[in-house]
Amino acid sequence: MDYISTRGSAAPLDFRSVTLAGLASDGGLYVPREWPRFSADDIAAMAGLPYAELAAKIMQPFVGTCIAPERLLELTTQAYGRFAHKAVTPLTQFDERNWLLELFHGPTLAFKDVALQLLGLLFEEFLKDSDQHLTIVGATSGDTGSAAIDAVAGRAKIDIFMLHPKGRVSEVQRRQMTSVIAPNVHNIALENASFDDAQAMVKRMFADTAMTGRFRITAVNSINWARLMAQVVYYFAAAIQLGAPHRKVAFSVPTGNFGDVFAGHVAARMGLPVGQLIVATNVNDILHRALSTGDYSAHGVTPTEAPSMDIQVSSNFERLLFDAGGRDGAALAEQMRGFEASKAMQLTNAQREGAASLFASARADADQMRAAMRWAYDNCGKVIDPHTAIGLSAALEADLPRGVPVVTLATADAAKFAPAVEAAIGVSPVLPPRIADLMDREEACTDLLGTYEAVAEFVAANATESPA
């Protein structure tokens, strides 16, 4: 298995090199040259496997010869051994059609743990016999930062610099990052900046030869292929429990950066019978507009009670445009250059038609989000967070055949957003015992001006040199 860039001009890489690289040298995102496929019999044989075994089986075709099968199983067993539920990503039932896939049982209470616990181990695996040192530079709208920091804190040969927009993440999200005191962890709060601004700085650093010439910079955001690969697994886990391969299953995915739902697209390309992928957005609805009208134009970011979705430039959407639009890297590179200059573009007919074969979309405002939270609590006794509620709102309105179950991805523990939950249902969720002391922990964070120059200067002063 080798990997190519969505923009067509970067050299193909193997899995190890793609994991350590993050973003492609031409500014594109890596995808497999071809999608591995499982037959219906292959999928049926996966029923009943423990999550770590299922993960190793699904990921092995992507890993290729870079990691032996028995070693990959050891890594998945270690990664998912830290989760608080034996099923790792358990399913619970709302009603005769609607289900909830709980992705928040990892150490930082969010779906990002499913991928990042493994990614931290992969970095360590690929560096153990090398004199190289990694500099991770990431941007977070809330959950990626804490999950990535937890995964790599204290690990040798790795420094992590995590950018977040100051004042635009929840208090729990911030403290889960800033309370990790380790010499290789650097939290950066950007003043007067949005997540999109932070993400743009990360991408700019990958193209800054003054930085890449001194430091081996990599990514933990979902621009890193290995993160997406790990997220594919829970689509298989859920669908198999609900009858796949003999039954189609639909998924409603609250998303801002498109990585979580693109993993569902990958699962479908691998042979999983996905009935539909519903892209659920809040009022920052660029993805809904793109999929429903073809208009991919960035507007200003509106702060909401679902801050992880307060995004207007969705990095992983480029992967779908590439795959659905005929895999023409040169054409997509030109299209993306135009978007980066104007922050507006129209999807081609091929891209729209390719996406429409699997994707639908929905937009939920604050009232609809709160109504879904009340529905879950009043009808099922379930307390869900604002992001999950946006997914559930879309699922409840989905137009699908009666026999197709709809799985809403529950992306975070409700306690991470207690004020918003209490405002909606009158119940304030509490943090699990394992992090009950979070509000009393010491914090460490650096406030910087929201400029690339300030961030690059800080990284250069604190990172370990290791030219790529």
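Attention here is on the structure that accompanies the text. Please read all numbers here as calculations on a predicted model, not as lab measurements.

Let us look at the overall build of the protein. Counting secondary structure elements, the protein contains 19 helices and 15 strands. Here the protein has a C-alpha radius of gyration of 20 Å; the compact-globule value for 468 residues is 23 Å, and the two agree. Summarising its shape, the C-alpha atoms of the protein cover approximately 55 × 50 × 45 Å along the three principal directions. Evaluated residue by residue, the protein yields a buried proportion of 62% over its 468 residues. The contacts of the protein with a sequence gap of at least 6 include a subset with a gap of at least 24, amounting to 76%. Of the roughly 16,900 Å² of accessible surface on the protein, 49% is carried by carbon and sulfur atoms. Between the mean site of the 39 positive side-chain charges and the mean site of the 52 negative ones, the protein shows a separation of 2 Å.

Sheet architecture is open: 6 strands sit in the order β3-β4-β14-β9-β10-β13, paired in mixed fashion. The open sheet has two edge strands with one neighbour each: β3 (91–93) and β13 (359–363). When the angles between neighbouring strand axes are averaged without regard to direction, this sheet yields 25 degrees. Here strand β9 (residues 249–254) runs beside strand β14 (residues 406–410); their pairing, made up of 3 bridges, is parallel. If you follow Ala250 over to β14, its bridge partner there is Val406.

Once that is clear, we can look at the sheet that holds strand β7 (residues 185–191). The 5 strands lie next to each other as β8-β5-β6-β7-β15, forming an open sheet whose pairing is parallel. The sheet is open, and its two edges are formed by β8 (216–218) and β15 (446–449), each paired on a single side. Taken pair by pair, the neighbouring strands of this sheet meet at an average axis angle of 30 degrees, ignoring direction. Sheet analysis places β7 next to β15, joined by 4 bridges and oriented parallel. Bridged to Ala189 within β15 is Asp447. Contacting β5 (134–139), β6 (158–165) and β8, helix α5 (residues 112–127) crosses the sheet at an angle of about 160 degrees to β5.

A word on unusual backbone geometry. Across the junction of Ala244 and Pro245, the peptide omega takes the value 10 degrees, indicating a cis bond. In this fold, Pro245 is placed in the loop between α10 (225–241) and β9. Positive phi is not limited to glycine here, since Phe258 has a value of about 75 degrees. Note that Phe258 resides in the loop between β9 and α11 (259–269). Overall, the relative accessible area of 0% leaves Phe258 in the buried class.

Looking now at the nonpolar core. Residues Tyr80, Trp225, Tyr235, Phe236, Phe251, Phe317 and Phe359 are the most contacted members of the largest nonpolar core, which totals 109 residues. If you tally residues by element for this core, the top one is α10, at 14 residues. Residue contacts for Phe359: discarding those within four places in its chain leaves Phe258, Val261, His265, Leu277, Val279, Leu291 and Leu320.

Moving on to the pattern of salt bridges. Counted under the stated rule, the structure contains 24 salt bridges. Taking the shortest distance from any N to any O, the salt bridge between Arg174 and Glu443 comes out at 3.2 Å. Of this pair, Arg174 sits in helix α7 (residues 171–178) while Glu443 sits in the loop between α18 (418–425) and β15, and the two are 269 residues apart along the sequence. For Arg174, a relative accessible area of 26% gives the class partly exposed. Each of the salt bridges in this network shares a partner with another, and the network as a whole consists of Arg71, Glu74, Glu125 and Lys128.

Applying the stated criterion across every chain yields a total of 16 aromatic pairs. For the pair Tyr3 and Phe15, a centre-to-centre distance of 6.5 Å together with 50 degrees between the ring planes defines the contact as tilted. Of this pair, Tyr3 sits in strand β1 (residues 3–5) while Phe15 sits in helix α1 (residues 15–21), placing them 12 residues apart in sequence. One exposure class covers both Tyr3 and Phe15, and it is buried. Taken together, the aromatic side chains of Tyr3, Phe15, Trp35, Phe62, Phe126 and Trp225 make up a single cluster linked through ring pairs.

Compared with an ideal rise of 1.5 Å per residue, which puts 15 residues at 21 Å, helix α16 (residues 366–380) spans 21 Å between its outermost C-alpha atoms and is within 8% of the ideal. Check the buried side of α16 and you find it contacts α17 (386–396) and α18. Sitting at the head of α16, Asp365 places a side-chain oxygen 3.1 Å from the backbone nitrogen of Asp367. Phi for Gly381, located one or two positions after α16, is positive at around 70 degrees.

Attention shifts here to the environment of Ala148. Within the element layout of this structure, Ala148 appears in helix α6 (residues 143–152). In this view, Ala148 contacts Leu116, Ile160, Met162 and Val220; residues no more than four positions away in its chain are not counted.

Right, let's get into the pairing of β5. Taking burial as the measure, the 6 residues of β5 include 6 buried ones, the bulk of the element. Here β5 shows no split at all, with Leu134, Ile136 and Gly138 on one side and Thr135, Val137 and Ala139 on the other all buried. Two elements, β5 and β6, share 6 bridges in a ladder whose sense is parallel. The residue of β6 that forms the bridge with Gly138 is Met162. Handedness of the crossover is the feature at issue here: the chain leaves β5, passes through α6, returns alongside β6, and the resulting connection is right-handed.

Attention shifts here to the packing of α11 against helix α13 (residues 317–324). The geometry of α11 relative to α13 is characterised by a closest axis approach of 10 Å and an angle of 30 degrees between their N-to-C directions. When the interaxial angle is binned, α11 and α13 end up roughly parallel. Mapping the contact onto sequence places Phe262, His265 and Arg269 in α11 and Arg319, Leu320 and Asp323 in α13. A per-class count over the contact of α11 with α13 returns 2 nonpolar, 1 polar and 3 charged.

Scoring rules and cut-offs
- Residues numbered from 1 in each chain as written.
- Predicted model: local features only at pLDDT ≥ 70, side-chain atom pairs only at ≥ 80, totals over all residues.
- Heavy atoms only, no water.
- Helix = DSSP H or I, 4+ residues; strand = E, 2+ residues; numbered from the N terminus.
- Rg over C-alpha atoms; globule rule 2.2 N^0.38 Å.
- Buried < 20%, exposed > 50% of the residue type's maximum accessible area, 1.4 Å probe, protein only.
- Contact = heavy atoms within 4.5 Å.
- Areas by Shrake-Rupley, 256 points an atom, 1.4 Å probe, with all protein chains shown as cover.
- Lys, Arg positive; Asp, Glu negative; His and termini not counted.
- Charge placed at Lys NZ, Arg CZ, Asp CG, Glu CD.
- Pairing = 2+ DSSP bridges.
- Axes fitted to C-alpha atoms, helices over the stretch in contact; angles between N-to-C directions.
- Core = buried A, V, L, I, M, F, W, Y, C linked by side-chain atoms within 4.5 Å.
- Salt bridge = Lys/Arg side-chain N within 4 Å of Asp/Glu carboxyl O.
- Phe/Tyr/Trp six-rings, centres within 6.5 Å; stacked < 30°, edge-to-face > 60°.
- Expected span 1.5 Å × (residues − 1).
- Polar contact = N/O pair within 3.5 Å; in protein donor to acceptor, adjacent residues only side chain to side chain.
- Right-handed = clockwise from strand over helix to strand, strands pointing away.
- Parallel < 35°, antiparallel > 145°, perpendicular 65-115°, else oblique.
- Nonpolar A, V, L, I, M, F, W, Y, C, P; charged D, E, K, R; others polar.

Shape descriptors only; they carry no functional weight alone.
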